[in-house]
Amino acid sequence: MASDIANHGAAPLSAKVVGSFAYLTVKDRMPTILTKVIDTIHRSKNKFFEEYGEEGFEAEKKAISFLSKLRNEVQTDKPILELTDGLRDVDSWNQYLQRHQTVQGGKEAVSWFKSPWLYVECYMYRRIQEAIWLNPPINEFDVFNEGKTQSFFESQQATIALCTYLETLKKDKDGLSKNQLFDNFIKLLQVSLWGNKCDLSISAGQENSQKDSPIEALPNLKPFILVNDSDMVWAALTASKCTAVSGKRVDIVLDNAGFELVTDLVLADFLVSFSLASEVHFHGKSFPWFVSDVTAKDFEWIIRQTMAANHMWMSKSGVQWKQYLKDGVWSYHDHPFWTQPHEFCDMAVDAPDLYAKLKEANLVLFKGDLNYRKLTGDRDWDFTVDFDTVLRGFEPSPLCSLRTLKANVQVGLQPGQGEKLSSQEPNWMTSGKYAVIQFHGPHLEE
């Protein structure tokens, strides 16, 4: 770990504070998610038996037993345990646990309610993966697939509206002035931002889809964007840093599957179609994570479903996206770092290969709440602290966080802005009602 866990200028959020959102998450939301996972596996037992016979039936029982024990560990604040499944990230996770134990000086065990919320929440999802992986032949089962699939299908009308809007823009491609191009970029950036409201981990797996036209909703949502650095994102995109040889690359660090992923794909299509980017790299998770996060299977599935849609413009979008992947204009990547508890300021040391890759981008978009928590260290910062400051040296390329607020961390606000919101709406930081487009742009002058 490049940085001292205990000394970053603000205390990590944790469930130590009774009544805090971190406390309520560990006490209520996380056990609820585990209960839903157990239920999903149990409801799939006939499917497992049909596919794998008695072996599948036994694997189901063992996985449920493992997860029931895990739920009890959370609820009774048991010590965090080392991972045992032998996957490639085990050593990194276990070393991270040892570091936390060292920071606490051996005085008390690293446990669910006493340790940083970011760490224990990430750890829970890694333990769910362990429960599945240790029980072949069901070790490839995605316990969250059902909800992600449902979210996509329930957002069909919004997806159709968005694909139709994109294809209409493309038809008038040469007729758009620079100002019109800018206006449409801002709209699709904000659509991608608000797509982040469709998050199944914050709703503990409850239905959370987009049903209305996302473009038409934008004017009503604009007042809820607390920090809006859209102009700076546009400046980064249109800066002269690219060359004829290398082109211009945008990386999108994905968050949720379902409709949010559609908004990201539409934005990426727009960037390529209007020569704002020559290539787009998508970064997803290497296993099911935080209920609705994108995996490679989710990414491929969404494109297949879009291609197969019974709607001309939606289907045309899907065919185009498939072609982008085939031509290498788009590419999907995952890396173990994205499914670890590290703050991003540690990436340069803990995942130097990934950091080097992000340095090749002209702009990196970080989607969603968890990425924001990792950018800021998930700490109890003052509302007015600069976004640049809390990144603590993490600046591989110009970067932007597109995030709807679902956790008690927010920086870069105007003096009094956070306090006013707190007095008017006590849950403004966790409701998903508010959002930020926050930019940090190192090297732009080079």
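Our structure's up above, just so we're on the same page.
In this convention, every chain numbers its residues from 1, walking through the sequence in written order. Only residues with pLDDT of 70 or above have their local features reported here, since the model is predicted, and side-chain atom pairs are shown and tallied only from 80 upward, although totals for entire chains, interfaces and linings are computed over all residues. Remark: hydrogens and water are excluded; side-chain values derive from all non-hydrogen atoms of the structure.

The next thing to look at is the overall build of the chain. The secondary structure content of the chain amounts to 18 helices and 7 strands. For the radius of gyration, the atoms used are the C-alpha atoms, and the globule rule reads 2.2 Å times the number of residues raised to 0.38. Radius of gyration (C-alpha) of the chain: 22 Å, near the 22 Å computed for a compact globule of 446 residues. Taken over the C-alpha atoms alone, the chain extends approximately 65 × 55 × 45 Å along its principal axes. The buried label goes to any residue with under 20% of its type's maximum accessible area, the exposed label to any with over 50%, and the partly exposed label to all in between, with areas taken from a 1.4 Å probe on protein chains only. Here the chain holds 446 residues, and 59% of them are scored as buried. Contacts were defined at the residue level, with two residues in contact if any of their heavy atoms lie within 4.5 Å. Considering only intrachain contacts with a sequence separation of at least 6, the fraction spanning at least 24 residues in the chain is 80%. Methods summary: accessible areas were calculated by the Shrake-Rupley approach with a probe of 1.4 Å, and residue burial reflects only the protein chains presented. Split by element, the accessible area of the chain, about 18,100 Å² in all, is 51% carbon and sulfur. Each charge sign in the chain was given a centre, from 47 positive and 59 negative side chains, and these centres are 2 Å apart. Only DSSP runs of H or I with at least four residues qualify as helices, and only runs of E with at least two residues qualify as strands; both kinds are numbered from the N terminus onward. None of His or the chain ends enter the tally, which takes Lys and Arg as positive and Asp and Glu as negative. Here the site of a charge means atom NZ of a Lys, CZ of an Arg, CG of an Asp or CD of a Glu.

Here the focus is the pattern of salt bridges. Whenever a carboxyl oxygen of Asp or Glu lies within 4 Å of a side-chain nitrogen of Lys or Arg, that contact is scored as a salt bridge. Inspection of every chain in the model, using the stated rule, returns 26 salt bridges. Put simply, Glu58 and Lys61 hold a salt bridge, and the shortest N to O gap is 3.3 Å. Highlighted residues: Glu58 and Lys61, both in helix α3 (residues 54-75), separated by 3 residues, approximately one helical turn. Its relative accessible area of 32% is what places Glu58 among the partly exposed residues. Taking relative accessible area as the criterion, Lys61 reaches 42% and is therefore assigned partly exposed. Across the salt bridge formed by Glu167 and Lys316, the nearest N and O atoms sit 3.9 Å from each other.

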